[in-house]
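Residue-level structure breakdown
These are the residues of each chain, in order.
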Amino acid sequence: MAPPRGEVLQGTLDLIVLQTLHAMGPLHGYGIAQRVKQVSEDLLKLNQGTLYPALLRLEQRGWISSKWGASENNRKAKFYSLTRAGRKQLLAETESWERMTALMERLLGGTEGV
Amino acid sequence: MEWLRIFAARLLGFFRKRQRDEDLDAELRAHVEMLTEENIRRGLSPMEARYAARREFGGVERTKVFHRELGGLPFLETLFQDVRYALRMLRKSPGFTAVVVLTLALGIGANTAIFSLMNAVLLQSLPVRNPQELVVVKYLSAQSERADEDFSYPMYEALRDKSSAFDGVLARSGVSFNATYGGQSEHATGELVSGNYYDVLGVRPWLGRLLSPDDDRTPGAHPVAVLSYAYWQVRFAGDPSIVGKQILLDAQPMTVIGVSEPGFFGTDLARDPAIRVPMAMTLVFKPIPSNRMQSVRHRWLTIMARRKPDIGIAKAQAATEVVHHQVLEEQLKGLGSSVNAHDRERILATRIQLDDGSQGFAHLRDEMQRPLVSMFGVTALVLLVACANLANLLLARSAKRCKEVAVRLAIGAESGRLIRQWLTESILLGLLGGATGILFAYWLKTGLIHFLPAEFSTTLRVPLDARVLGFLAVASVCTGILFGLAPALQISRSSVTAAMHGEASLASPGERVFSLRNALVFLQVALSLPLLIGAGLFLHSLRNLRGVDTGFVKENVFLANLNPALNGYSTERIRGLYHDLLVRLRALPQVRAASFTSSSAISGGWGQEGVRVEGYQPRQDEDMSPNAAITSPGYFASLGIPFIAGRDFTDQDNAGRQKVVIINQSFARYFFGDANPIGKRISTDDDPKAPLDMEIIGVVRDSKYVNLREKPRRHFYTAMAQEPHLFDMTLQVRTAEDPRGIGDLVRAQVHDLDPNLPLYATTTLEIQIDDSLTSERLLTWLSSLFGIVATLLASIGLSGVIAFSVARRTREIGIRVALGAQGGDVLRMVVSQTALSVGAGMAVGLAMAYALSRLMAGMLYEVGATDPRSYAAASLLLAVVAALAAYLPARRATQVDPVTALRYE
């Protein structure tokens, strides 16, 4: 069964968050959600009930770190940034993701050929 | 390693719980506000914007819960919560808490006390380097079932020098000293040890140096001594300048070269020799026989060895056996024709046996193992009874807390969570009980040690160490789970609606509770009865032993030991001193009779000597070694042993006269049958050609010699004045009144004769006999104590059950009384079910006692392990106590006033 549009595929959430932080630099939770929404052209909405537990998990693993700071509007917000371990993890996950998608493409291409 | 990082993060979160919650709140709030601003930018009014943001954001509770569980250690957090709650509940009912904690303190404390003794006697290792590598060397001979430990010095030398399986082999032999320093003389325990003793054990010096093999080379030429730490502390007040000084041991100047490290007590758990000297000094301290170090016949030392780490005990035993056998053959060759073929075969059949030596020579272990393990079983039973009782108590309480539980269930508590919380409460109670139990354990342990024979009780170390405390902790937690489980499960089964309605309905769903409570009564009765029966049997057995006809009059006899030989007295001088002392003592008005003996009655040891008897031809292998003792005139008068025929020794029976001997009835009957033994002759010289040189002058009544359980033995007494050698002897003084008062008078007389002569091991014959009954007294005392405790607990539980049942059925009883039920009917109604439980419990208890009786048989004296009188008495006692316990609360039921009862609730 295909996942309904806009829901996060199992296991890709970490990759999405890490990649967003890699591309944008330090961001708060709201910023991450907004950025994902923008990039996916409103297709992917990161719900807070998904996002914050994920951020906590990533932080406990040491892939991201957090710091209180001021937002654009001078509001107190918690900013997350990628750590060195996180960068390594991002690289590894990207690679494995690419391998996976390549594999899927080949598989799906194969069925088309029949 | 990642889990470690996550755990660390969680642990941090656990300790910063509040900070964490606040952070998350702020973060989420910021998110909502940013959403609101975004909406305002899109043109919504501030109120609409906030509303839309809220809606989009959704509920935050789940996120918070998730964060809480992921961010900290929810298990611990719940635990703390439960503990806090449990403490609050316990504080709210201090009476209940006190009863439970005290019951547990008794139960757990008793188990811990017995365990601490087991730990000390059965589990504790010697405080030396790698004790598990040590072995005790023993040998098994065809005639005896148990392995012997005593070896000759030549055999020790051979094992030390030729065994390939060992890193070192040490020898030791106990000795006592008259130790004199600074003009003060006292009796001190000591050891003759091989030069490698400390090296093999791996003991370090505390001061100076310890003995080395170089201190044990030339016989008689190494006047050096090492003190134990404890002795150094007590005798020399820990004065370090003693090292290098001389002390007199048995009048021989010896230089103290060092003090061994604290905690080291030697190779026997129950002993703590004060002074150790090199074995090369044996000639000085054990001068007779003078060929002790060369003789292969004299076995007088014990051997321990350290295995090479890679050689197992079986392999080491095989290797040692080869050496042993070889040496025996060489020795037999050396002895030539003086050993007949029969003996030769017997000697060569002996086999080496290596026992685990991590606990050293464990004589106390052999003696105490069975009583200790039985006692442990008893205390464990008591603890089980206590658990059943507490489970009952908690059930009653849980019935009272029914509504609280119902409310919790109604607002969505999971039953697993409720069980967990209840168990937390009972485990907490268990731990509180255990903590209080330490005090009781300490007290009981100290008391128990006094039941050990005096020679052990002063030196045995019974620490409350990590192992004992670990046991205490485990026992506390297990106990908590055990008595908390039934009530907790009961709780989780309660139904919300029934509980909300309370428990007053007639056909309440609590019937199951009721039967569970009765099952617990059954269990308590079933466990208590064997304890009571055991107590009865031990009591009976002890009474039999106390009432045994000893053959002598045990009251009013003062005993003391004296060893002038240690001070270098010649046998002639010893004889003179003994004689003078007896004359002086007999002149005292308090003294009825005074004498010396080589073997004091019921002291656990006795000499034996081979004899040849006039007109008696022994069979091959017949035991021709009756008990033998050297006695002075007055011996039989001191002990009150009557003469059947003939006369006592007199001062005229001395070295220049005809050698004389006194025998007991068994001796007379065994060798002479009905013939008159007076005037017959015997000899202790084993050369068959030597003349029979001793004349029998008297026959005395049989008495007990070594212990109270023994069968009548053949026995003969020789005259002190005619013995070629005299050693330490026991002084026996029969007094007119309490013998303990005479001690100082005797000491003063001895001091008058020689101020350097210490009087030691002073006691009375009654105390000595009591000491021989140590384990019997211990078992009787403890089994009575615990039998009574268990019975009381069971009856309290029983009372509780009936009271509870009366209380919950008050309305029903009221209705029945209103309808015409009589007092007897009501009584029958409330006790019938419980009476059934008690009856069934007693039946099972009897069966259990019967099944366990085999274990007890060996510990009883002249009472069968299935003695029907003890069974009946215990059952009757329990039945009476149970009836009483049931009657008191049940009577309340008969006094129920129907009018009040119907208005109940």
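Conventions and cut-offs
Here the residue index of a chain counts from 1 through its sequence in written order. To read the labels, note that chains go from A and ligands from 1, taken in the order they are written. Owing to the predicted nature of the model, reporting of local features is limited to residues with pLDDT of at least 70; listing and counting of side-chain atom pairs is limited to 80 or more, with chain, interface and lining totals taken over all residues. To qualify as a helix, a DSSP run of H or I must reach at least 4 residues; to qualify as a strand, a run of E must reach at least 2; elements of each kind are numbered from the N terminus. For the exposure call, what matters is how many other C-beta atoms sit within 10 Å of a residue's own: 20 or more marks it buried, 12 or fewer exposed, and in between partly exposed, using C-beta atoms placed from the backbone. A pair of residues counts as a contact when their C-beta atoms, built from backbone coordinates, are within 7 Å of each other. Under the scheme applied, nonpolar residues are Ala, Val, Leu, Ile, Met, Phe, Trp, Tyr, Cys and Pro; charged residues are Asp, Glu, Lys and Arg; polar residues are all the others, including Gly. For every element, the axis is a line fit to its C-alpha atoms; helices are fit only across the contacting stretch, and the angle between N-to-C directions ranges from 0 to 180 degrees. Small angles under 35 degrees read as roughly parallel and large ones over 145 as roughly antiparallel, with 65 to 115 read as roughly perpendicular and the rest as oblique. Rotating anticlockwise by less than a right angle from the far helix to the near helix defines a left-handed crossing, while the corresponding clockwise rotation defines a right-handed one. Here, any two strands with at least 2 DSSP bridges between them count as paired.

This paragraph deals with the overall build of chain A. A tally of regular secondary structure across chain A gives four helices and three strands. In chain A, the succession of α and β elements from N to C terminus is α-β-α-α-β-β-α. For chain A, the proportion of its 114 residues judged to be buried stands at 25%. Considering only contacts in chain A between residues 6 or more positions apart, those separated by 24 or more positions represent 49%.

Inspection of the secondary structure assignment puts B:Thr78 in helix H5 (residues 74-92). Considered as a pair, B:Thr78 and B:Gln421 are 343 residues apart in the sequence and their alpha carbons are 9.0 Å apart.

What follows is about the interface of chain B and chain A. Between chain B and chain A, the residue contacts involve 21 residues of the former and 19 residues of the latter. Counting only elements with at least two residues in the side of chain B that touches chain A, the list comes to helix H1 (2-15), helix H2 (17-41) and helix H4 (61-71) of chain B. Among the elements that make up the side of chain B that touches chain A, the one with the highest residue count is H2(B) (nine residues). Its residues assigned to classes, the side of chain B that touches chain A shows ten nonpolar, five polar and six charged.

Let's shift gears to the packing of helix H3 (residues 48-60) of chain A against H4(B). Two elements in contact, H3(A) and H4(B), have axes separated by 9 Å at closest approach and are oriented at 15 degrees. It follows that H3(A) is roughly parallel to H4(B) by the angle criterion. As H3(A) runs across H4(B), the sense of the crossing is right-handed. Residue-level inspection shows A:Gln48, A:Gly49, A:Tyr52, A:Pro53, A:Leu56 and A:Arg57 of H3(A) in contact with H4(B), the latter providing B:Arg62, B:Thr63, B:Phe66, B:His67, B:Leu70 and B:Gly71.

Sheets are built from strands that pair by backbone hydrogen bonding, the pairs being arranged parallel or antiparallel. Residues and elements named next belong to chain A. Taken in spatial order, the three strands line up as E1-E3-E2 in an open sheet, and their pairing is antiparallel. Single-partner strands in this sheet number two, and they are strand E1 (27-28) and strand E2 (64-70). Pairing of E2 with strand E3 (residues 76-82), which is carried by seven bridges, proceeds in the antiparallel orientation. Paired with Lys-67 across the bridge in E3 is Phe-79.

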